[in-house]
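Letter by letter, the chains look like this.
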Number of protein chains: 2
Amino acid sequence: MTIRGTVHVIGVGPGDPELMTLKAARVIAASPVIAYFAKRGQTGHARRIADAHIGPAAEELRLEYPFTTEIHSKDALYSSGITAFYDECTTRLAACLSAGRDVGLLCEGDPFFYGSSLALLDRLGTDFRTVVIPGVTGMSGGWTRAGIPLVRGNAALSVLPGTLDAGRLAERLAVGDATVIMKLGSNLPKVRAALQETDRANEAIYVERGTMPEERILPLAELGETAAPYFSLILVPERRQ
Amino acid sequence: MTIRGTVHVIGVGPGDPELMTLKAARVIAASPVIAYFAKRGQTGHARRIADAHIGPAAEELRLEYPFTTEIHSKDALYSSGITAFYDECTTRLAACLSAGRDVGLLCEGDPFFYGSSLALLDRLGTDFRTVVIPGVTGMSGGWTRAGIPLVRGNAALSVLPGTLDAGRLAERLAVGDATVIMKLGSNLPKVRAALQETDRANEAIYVERGTMPEERILPLAELGETAAPYFSLILVPERRQ
């Protein structure tokens, strides 16, 4: 009987390759198979971050998203397409693991903090040994680069996905906690409106691709665009009581 | 004129020394002066985590808390004592920096996520060049070791310090978001009561010193103690709507 392989789900941090952990670098270098998500025509952020550590003999499993242009995530086509895609990715990983090969699955930030890799972990279930390596989140990378220590002392923190509906976003922002808004994309106009409605737009800072070479940091009020890339977030300082 | 030194505020991660970033390890090794907080009679968590990387010729600035037993943080004696302590620490750091020496200030987890080092950064102000290196938070270390991917998809996350008063804790818990409760210490009975009041105590998981050799993880319902160490937190999964 073949001994089954282990899947290491490896958080590679927010973007700067030096913000990867020592453990992530070691496990990547030792992985005979490296799997990662990527958009069509692109290297894939996690693959790019991990580049210097991937062994020359490693097999790469490129898991390429099936959509070339952005389909709204509430669209039925997106839902069925993404389900089929994750199923197929899982089959490819399981084939390696069943053959006794360890797989390193790269994941931006921290795998247990909104990681796409969770969809594959759910599907792999308990059939294979799984080891998760935490990483520096994009949120930590973002507030560090912006120079904003968002939470200290007795402050509470809210992390809100921009995918929440307008009413819930405004309701949470009205509480006044220090807030990080993730998953902006095409949700940016809705998020901006909720910040304005709760009188918090003027203090909001926009961080795009924090710690990466293409990093942009500016007050949200100065941002002209109506959409933002996936690797962007908004920091809202605590409202003084 | 002497060129002033730079202070590097270095996040060393949640406890496992291998969960330090490559950047933290490099900067620690290159720092002629290493500063860290410690309790009387103890090595100091950050010092212990960084141990393998501190250069043999490095000068160590041990910043020892003035209290041997725990004084409640709302006590006036605590407030005046801790202020004088942070002032004195800042004077010691500033002396090194003014003499042109770089200082590496070690910080558990991520410096901008409830870091004690913020008290020194505030005091140093803009007199010296400051570089902050983000780290893996204790929160990420905790949910990874507990095997609980607390936030995914459209879930919101609340991070609450246990120092909040009972009413505010219960109010936030009633919302039903995935929640991490930090800073337990002597606040544990109050936190437990707020979880019970909002019917969330049964799902709560207690994590003590996550990723460290002394790690303990168990359902909160099975925890007998009425106080918890500083390096502990409670994870509360999202309430199903």
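Residues numbered from 1 in each chain as written. Chains lettered and ligands numbered in written order. Predicted model: local features only at pLDDT ≥ 70, side-chain atom pairs only at ≥ 80, totals over all residues.

**Looking at the overall build of chain A**
Within chain A one finds 7 helices and 10 strands. Taking 18 Å as the expected radius of gyration for a compact globule of 241 residues, we find that chain A reaches 19 Å, a close match to that expectation. Overall, the C-alpha framework of chain A stretches about 65 × 40 × 30 Å when taken along its three principal axes. Relative to its 241 residues, chain A shows a buried fraction of 45%. For chain A, contacts bridging at least 24 residues in sequence account for 72% of all contacts bridging at least 6. (Helix = DSSP H or I, 4+ residues; strand = E, 2+ residues; numbered from the N terminus. Rg over C-alpha atoms; globule rule 2.2 N^0.38 Å. Buried ≥ 20, exposed ≤ 12 C-beta atoms within 10 Å, placed from the backbone. Contact = placed C-beta atoms within 7 Å.)

**Description of helix α5 (residues 138-146) of chain A**
Residues and elements named next belong to chain A. Where burial is concerned, most of α5 is hidden: 8 out of the 9 residues are buried. Buried within α5 are the following residues: Gly 138, Met 139, Ser 140, Gly 141, Gly 142, Trp 143, Thr 144 and Arg 145. Immediately downstream of α5, the backbone of Gly 147 shows phi near 70 degrees, a positive value.

**So, the packing of helix α6 (residues 166-174) of chain A against helix α7 (residues 188-197) of chain A**
All names here are of chain A. Packing of α6 against α7 leaves a shortest axis separation of 9 Å and a crossing angle of 40 degrees. Relative to α7, the element α6 lies oblique. As α6 runs across α7, the sense of the crossing is right-handed. Residues Ala 166, Leu 169, Ala 170 and Leu 173 of α6 touch α7, and the partners they reach there are Lys 190, Val 191, Ala 193, Ala 194, Leu 195 and Glu 197. Residue composition of the contact of α6 with α7, grouped by class: 8 nonpolar, no polar and 2 charged. (Axes fitted to C-alpha atoms, helices over the stretch in contact; angles between N-to-C directions. Parallel < 35°, antiparallel > 145°, perpendicular 65-115°, else oblique. Left-handed = near helix turned anticlockwise from the far one by under 90°. Nonpolar A, V, L, I, M, F, W, Y, C, P; charged D, E, K, R; others polar.)

**Section: helix α7 (residues 188-197) of chain B**
Residue and element names in this part refer to chain B. All of the buried residues in α7 are Leu 188, Val 191, Arg 192, Ala 194 and Leu 195. The arc that holds the buried residues of α7, viewed along the axis, is 160 degrees, so those residues lie on one side. Looking at the packing, one finds that the buried side of α7 touches α6 (166-174), β7 (178-182) and β10 (232-236). At the C-terminal side of α7, Asp 199 shows a positive phi close to 60 degrees. (Arc of directions from axis to C-beta.)

**Description of the domain arrangement of chain A**
Residue and element names in this part refer to chain A. Each assigned domain of chain A is listed here: domain 1 (6-136) and domain 2 (139-236). A separation of 26 Å is found between the C-alpha centroids of domain 1 and domain 2. Domain 1 puts 8 residues into the contact, and the matching count from domain 2 is 9 residues. Its residues assigned to classes, the side of domain 1 that touches domain 2 comprises 4 nonpolar, 2 polar and 2 charged. (Domains from an automatic or database assignment.)

**Let's talk about the interface of chain B and chain A**
A common way to state how big an interface is: give the accessible area lost once the parts meet. The interface of chain B with chain A comprises 36 residues on the first partner and 36 residues on the second. Those elements that provide at least two residues to the side of chain B that touches chain A are α1 (22-30), α5 (138-146) and β6 (157-161) of chain B. Looking at the side of chain B that touches chain A element by element, the count peaks at 5 residues for β6(B). Tallied by class, residues from the side of chain B that touches chain A come to 21 nonpolar, 10 polar and 5 charged. Pairing between strand β6 (residues 157-161) of chain A and β6(B): 3 bridges, direction antiparallel. Counterpart to A:Ser158 in the pairing with β6(B) is B:Ser158. (Pairing = 2+ DSSP bridges.)

**Description of the nonpolar core**
A:Ile234 and B:Ile234 are the most contacted members of the largest nonpolar core, which totals 130 residues. Residues within four places of B:Ile234 in sequence aside, it is in contact with B:Ile181, B:Leu184, B:Val191, B:Ala204, B:Ile205, B:Tyr206 and B:Leu220. (Core = buried A, V, L, I, M, F, W, Y, C linked by C-beta atoms within 7 Å.)

**So, unusual backbone geometry**
The backbone of B:Asp199 sits at a positive phi, close to 60 degrees, despite the residue not being glycine. Structurally, B:Asp199 is set in the loop between α7 and β8 (205-208).

**Let's talk about the environment of B:Tyr78**
Residues and elements named next belong to chain B. Along the chain, the position of Tyr 78 falls in helix α3 (residues 76-98). Residue Tyr 78 is classed as partly exposed on the basis of its 15 C-beta neighbours within 10 Å. Put simply, Tyr 78 and Glu 222 are 144 residues apart on the chain and 32 Å apart in space, counted from C-alpha to C-alpha.

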